[in-house]
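# Commentary on secondary and tertiary structure
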Amino acid sequence: MAYEHLIVTIEEPIAVVTLNRPKSLNALSQAVMGELATALEACDGDPRVRCAVLWGGPRVFAAGADIREFAEQSPGDMIRSYRFLEWERIRRVATPVIAAVSGYALGGGCELAMACDIIIAAETAQFGQPEIQLGVMPGAGGTQRLTRAIGKSRAMEMILTGRSISAQEALAAGLVARVVPVELCLDEAKALAREIASRAPLAVRAAKEAVLQAFETPLAAGVLFERRCFHMLFGTADAAEGIHAFVEKRPAKWTGR
Ligand code: DAK
């Protein structure tokens, strides 16, 4: 499928989705979000793809929602446009998605990175929720995901002032998994994606779903969900293969069954 605002390449067994609106610093217009949701959903249905990398190029990940588009909208337009639907579609993607963040990840850009499963940051990355400086506040999960990721006090400071944090601060706060030189950012994310893609496919999907349950449920319900997933995986051919391969001291061959 051809996209206007994205470049999607399949490098089996991973997909690389690149935001491609450099003139507006990859501002996330509704059209961009629609294409992005479609591209990531397509990964779920593509047998060639087991993990995806989302990136915005070396200069900027995304400078947030498209403020020019906001300027044209009335409050009624905003409510009627169902902007949250694309975000919901992205939230439901089963394929693991790694955000490779280089440069600005602001507002919706930061929220998009946090909606991914793992963030790899370049040394140049800056994370922030500057919406307060526009007279609004985060609207795509920032108050919830940032707070869960870095704790109340630091999230409050960022959200109430609009100030950004550096890649190193994001690492110390637990927002990102790793900080790497900018020229290695995409390659590191791809290498990680390939490593994840080399694991048993059903186990990867179930494990992602179970980790995400930690954000949705009380502990007891989450632990129960985990146990159910574990029991389900125990009945798969891949579990039998993985366990026998260990005992027989040979590499496992996954079939995704
Ligand atoms: N939208 C549109 N255009 C943008 C943009 C944005 N967010 N950010 C930058 N641009 C455009 C600039 O207007 C400029 O365009 P030209 O003037 O060249 O035509 C070009 O990109 C280059 O930007 P600058 O000249 O400003 O570049 P600098 O290097 O000087 O500064 C900057 C970079 C990132 C510090 C600055 O551009 C900036 O502050 N940008 C705005 C950052 C921001 O406030 N982001 C938060 C936006 S609000 C929701 C879903 C999502 C959201 C809300 C609700 N629902 C589901 C309900 C999200 C909201 C937001 O993200």
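Residues numbered from 1 in each chain as written. Predicted model: local features only at pLDDT ≥ 70, side-chain atom pairs only at ≥ 80, totals over all residues. Heavy atoms only, no water.

## A look at the domain arrangement of the protein
What the domain assignment reports for the protein is domain 1 (6-197) and domain 2 (201-248). Between the C-alpha centres of domain 1 and domain 2 there is a distance of 27 Å. Every contact between the two is made by twelve residues of domain 1 and, on the other side, seven residues of domain 2. With both chains or domains summed, domain 1 and domain 2 bury close to 770 Å², and 49% of this area falls on carbon and sulfur atoms. Among the residues of domain 1 in contact with domain 2, A94, D117 and R148 are the three that bury the most area, contributing 44% of the side total. Linking domain 1 with domain 2 are two salt bridges. (Domains from an automatic or database assignment. Contact = heavy atoms within 4.5 Å. Buried area = accessible area lost by both parts, 1.4 Å probe. Salt bridge = Lys/Arg side-chain N within 4 Å of Asp/Glu carboxyl O.)

## Considering the site of the ligand
Around the ligand sit 24 residues in total, of which A63, A65, I67, R68 and G108 are the nearest. One of the backbone N or O atoms of G108 is found 2.7 Å from an oxygen atom in the ligand. With the chains in place, 65% of the 1100 Å² that the ligand exposes on its own is no longer accessible. Broken down by secondary-structure element, the contributors of at least two residues to the shell around the ligand are α2 (67-71), α4 (84-91), β6 (104-106) and α5 (108-115). Among the elements that make up the shell around the ligand, the one with the highest residue count is α2 (three residues). (Near = heavy atom within 4 Å. Polar contact = N/O pair within 3.5 Å; in protein donor to acceptor, adjacent residues only side chain to side chain. Areas by Shrake-Rupley, 256 points an atom, 1.4 Å probe, with all protein chains shown as cover. Helix = DSSP H or I, 4+ residues; strand = E, 2+ residues; numbered from the N terminus.)

## Here's the deal with the pattern of salt bridges
Tallied over the full model, the rule gives 16 salt bridges. R199 serves as the salt-bridge partner of E195, at 3.2 Å between the closest nitrogen and oxygen. Overall, E195 belongs to the partly exposed group, its relative accessible area being 41%. Note on R199: relative accessible area 46%, which makes it partly exposed. Here the salt bridges do not stand alone but share partners, grouping E88, R91, R92 and E216 into one network. (Buried < 20%, exposed > 50% of the residue type's maximum accessible area, 1.4 Å probe, protein only.)

## Overview of a nonpolar patch on the surface
Taken together, the side chains of F230, F234, I243, F246 and V247 define a hydrophobic patch exposed on the protein surface, amounting to about 620 Å² of accessible area. Going through the elements one at a time, α11 (219-234) and α12 (237-247) are the ones with two or more residues in the nonpolar patch. No other element matches the three residues that α12 contributes to the nonpolar patch. Within the secondary structure layout, V247 lies in helix α12. According to the relative accessible area criterion, V247 is exposed, its value standing at 61%. (Patch = residues over 30% accessible without salt bridge, like charges linked within 9 Å, V, L, I, M, F, W, Y side chains within 5 Å.)

## Quick look at helix α7 (residues 152-161)
Those residues of α7 that fall on the buried side of the exposure criterion are A155, M158 and I159. Summarising the axial view, the buried residues of α7 lie within an arc of 90°, below the 170-degree limit, and thus occupy one face. Exposed and facing more than 90 degrees away from the buried side of α7 are S153 and L160. In this fold, the buried residues of α7 make contact with β8 (126-128), α6 (142-150) and β9 (164-166). The first or second residue beyond α7 is G162, which carries a positive phi of 85°. (Arc of directions from axis to C-beta.)

## Observations concerning the side chain of T95
Here T95 shows up in the loop between α4 and β5 (97-101). Given a relative accessible area of 1%, T95 falls into the buried group. Engagement of the side chain of T95 in a polar contact is seen with the side chain of D44, the distance being 2.5 Å. Leave out the neighbours within four places in its chain, and T95 touches C43, D44, V49, R50, C51, A52, D117, R205 and K208.

## Quick look at the sheet that holds strand β10 (residues 178-180)
What the six strands build is an open sheet, ordered β1-β2-β3-β5-β7-β10; its pairing is mixed. Two strands close off the open sheet at either side, each with one partner strand: β1 (6-11) and β10. On average, each strand axis in the sheet is tilted by 20° relative to the strand beside it, whichever way the strands run. Sheet analysis places β5 next to strand β7 (residues 118-122), joined by four bridges and oriented parallel. (Pairing = 2+ DSSP bridges. Axes fitted to C-alpha atoms, helices over the stretch in contact; angles between N-to-C directions.)

## Some words on the packing of helix α1 (residues 30-44) against α4
The N-to-C vectors of α1 and α4 enclose an angle of 20°; their axes lie 9 Å apart at closest approach. The angle between α1 and α4 places the two elements in the roughly parallel class. Taken as a pair, α1 and α4 cross one another with a handedness that is left-handed. Taking contact as the criterion, the partners of Q30, M33, G34, L36, A37, T38, L40 and E41 in α1 are, on α4, E86, W87, R89 and I90. (Parallel < 35°, antiparallel > 145°, perpendicular 65-115°, else oblique. Left-handed = near helix turned anticlockwise from the far one by under 90°.)

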